Amino acid sequence: MPEQDTAHEPTEQQVAAFLERRQEQIAQRWADAALFRTVFTVSRDEAVEACKAVVDALSDVAVTGRLEDITAPGFDRVRDQLGRMAASRARTGSSPSQIAEEVAGLRASITELMRGEYSDPSEASAQESLVSLTLLMGTLRLVVMETTLSAGQELIERQQLQLLEAATPVIKLWEGTVAVPLIGTLDSARSQVVMESLLDAIVAERARYAILDITGVPTVDSLVAQHLMKTVAAARLMGAECIVSGIRPAIAQTIVQLGIDLGTVLTRASLADALAYALGQQGIEVSPRPTTGAGLR
């Protein structure tokens, strides 16, 4: 029996040996648990292999004796897998707390197997092993929670970037002319998206003129002005002339009061004026449509 064969081994080593010895049985039981069953829906064998990888990781952690350390090297091999599983469960509507409870539910089956290793589970050696296994499973739960929160944060950041890109469209107004109508507050993150999107459009459309329309920007401070200047400079480096339009009277006064020098930046009162300028520079004349009946007596 384990208590006789390993009496002089540290408890952690006994737990590692147990996990290695019972890997197949643990994996078969875990494969039917919600955490794995709802992720690996095509093949149960795939779920079993994923469970084996987790058991191997737990065994490696037990060997090191770092049962309560979420940074233990053994967890590195399955952290990505656990993250993907947690993200998959989150996409189906499971909250981090629900996922954590599913991980906690794995403990019952593995504890039952360990109890069966001892003729008298109430003996001190058996209790010590069960406590160590409980600590190890608690650490696994923390690792899964960490990866779940990390995956959730990455998803939020991707969605925020997608929203920024959707809120900053680059429009082709004419052959060789693109425009970015800005609406809302400009911060560093959004300004970076504006610059990247505009430069990509200049290359894709071979644009010679780029219009930054700030009609929908409520306020302009020194930081926003600095971002605009950087965007204008970057567009020039790409061979396009950048025009800033939509500077309202209140914003013009603010710029003057802040002492911001936009003397090197070409500006126009409205998007229409900026477009007319760009077309005129390309030899395209824009004339108003004749009034119906004009010239008739």
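Before reading further, recall that the structure is shown in the block above.
To keep things clear, this report deals only with the structure shown in the data block.

Procedures and definitions
- Residues numbered from 1 in each chain as written.
- Predicted model: local features only at pLDDT ≥ 70, side-chain atom pairs only at ≥ 80, totals over all residues.
- Heavy atoms only, no water.
- Salt bridge = Lys/Arg side-chain N within 4 Å of Asp/Glu carboxyl O.
- Buried < 20%, exposed > 50% of the residue type's maximum accessible area, 1.4 Å probe, protein only.
- Pairing = 2+ DSSP bridges.
- Helix = DSSP H or I, 4+ residues; strand = E, 2+ residues; numbered from the N terminus.
- Axes fitted to C-alpha atoms, helices over the stretch in contact; angles between N-to-C directions.
- Contact = heavy atoms within 4.5 Å.
- Polar contact = N/O pair within 3.5 Å; in protein donor to acceptor, adjacent residues only side chain to side chain.
- Parallel < 35°, antiparallel > 145°, perpendicular 65-115°, else oblique.
- Left-handed = near helix turned anticlockwise from the far one by under 90°.
- Nonpolar A, V, L, I, M, F, W, Y, C, P; charged D, E, K, R; others polar.
- Arc of directions from axis to C-beta.
- Right-handed = clockwise from strand over helix to strand, strands pointing away.

**Re the pattern of salt bridges**
- Enumeration according to the criterion identifies 10 salt bridges in this entry.
- Here Arg66 makes a salt bridge to Asp69, at a shortest N to O gap of 2.6 Å.
- Judged by its relative accessible area of 23%, Asp69 is partly exposed.
- Here Glu175 ties to Lys172 by a salt bridge, and the two come within 3.4 Å at their closest N and O atoms.
- On the basis of relative accessible area, Lys172 is assigned to the partly exposed category, the value being 41%.
- The network of salt bridges with common partners includes Arg21, Arg22 and Glu117.

**Description of the sheet that holds strand β2 (residues 177-183)**
- Taken in spatial order, the five strands line up as β1-β2-β3-β4-β5 in an open sheet, and their pairing is mixed. Two strands close off the open sheet at either side, each with one partner strand: β1 (171-174) and β5 (266-268). For this sheet the average axis-to-axis angle between neighbouring strands, irrespective of direction, equals 30°.
- Helix α13 (residues 271-281) rests against β1, β2, β3 (209-216), β4 (241-245) and β5 of the sheet, and its axis sits at about 170° to β3.

**A closer look at the side chain of Thr139**
- In this fold, Thr139 is placed in helix α9 (residues 124-166).
- A distance of 2.4 Å separates a polar side-chain atom of Thr139 from the backbone oxygen of Leu67.
- Apart from residues lying up to four places away in sequence, Thr139 is in contact with Leu67, Glu68, Asp69, Ile70 and Phe75.

**Considerations on the packing of helix α3 (residues 23-30) against helix α5 (residues 44-64)**
- As a packed pair, α3 and α5 sit with axes 8 Å apart at the nearest point and diverge in direction by 125°. Taken as axis vectors, α3 and α5 run oblique relative to one another. Read as a crossing pair, α3 and α5 show a hand that is right-handed. Every residue of α5 that contacts α3 at Gln23, Glu24, Ile26, Ala27, Gln28 and Trp30 is listed here: Arg44, Val48, Cys51, Lys52, Val54, Val55, Asp56 and Leu58.
- Here the residues of the contact of α3 with α5 are counted per class, giving eight nonpolar, two polar and four charged.

**Structural notes on the pairing of β2**
- With respect to burial, β2 is a largely interior element, five of its seven residues being buried.
- Here β1 runs beside β2; their pairing, made up of three bridges, is antiparallel. The residue bridging Trp174 from the neighbouring strand is Thr177, located in β2.
- Counted along the chain from β1 to the antiparallel partner β2, the turn is two residues long, and its residue Gly176 has a positive phi close to 85°.
- Note that β2 and β3 share six bridges and pair parallel. Within β3, the residue paired with Ala179 across the bridge is Ile211.

**Focus: the packing of helix α10 (residues 188-205) against helix α11 (residues 222-237)**
- Here α10 crosses α11 at 20°, and the two axes come no closer than 10 Å. Here α10 lies roughly parallel to α11, going by the angle between them. The handedness of the crossing between α10 and α11 is right-handed. Facing Ser188, Ser191, Met195, Leu198, Leu199 and Ile202 of α10, the residues of α11 in contact are Leu223, His227, Lys230, Thr231, Ala234 and Ala235.
- The residue inventory of the contact of α10 with α11, partitioned by class, reads seven nonpolar, four polar and one charged.

**Side note on unusual backbone geometry**
- You will see that Arg206, though not glycine, has its phi angle at about 50°, which is positive.
- Inspection of the secondary structure assignment puts Arg206 in the loop between α10 and β3.
- According to the relative accessible area criterion, Arg206 is exposed, its value standing at 75%.

**Observations regarding helix α7 (residues 96-104)**
- Within the sequence span of α7, burial applies to Ile99, Ala100, Glu102 and Val103. The buried residues of α7 all sit within an arc of 155° when viewed along its axis, so they share a single face.

**Some thoughts on the pairing of β3**
- Within β3, six of the eight residues are buried, which leaves the element mostly enclosed by the surrounding structure.
- In terms of handedness, the path from β2 via α10 over to β3 forms a crossover that is right-handed.
- As paired elements, β3 and β4 share five bridges and run parallel to each other. Following the sheet pairing, Leu212 is matched in β4 by Val244.
- Crossover β3 to β4 through α11 is right-handed.

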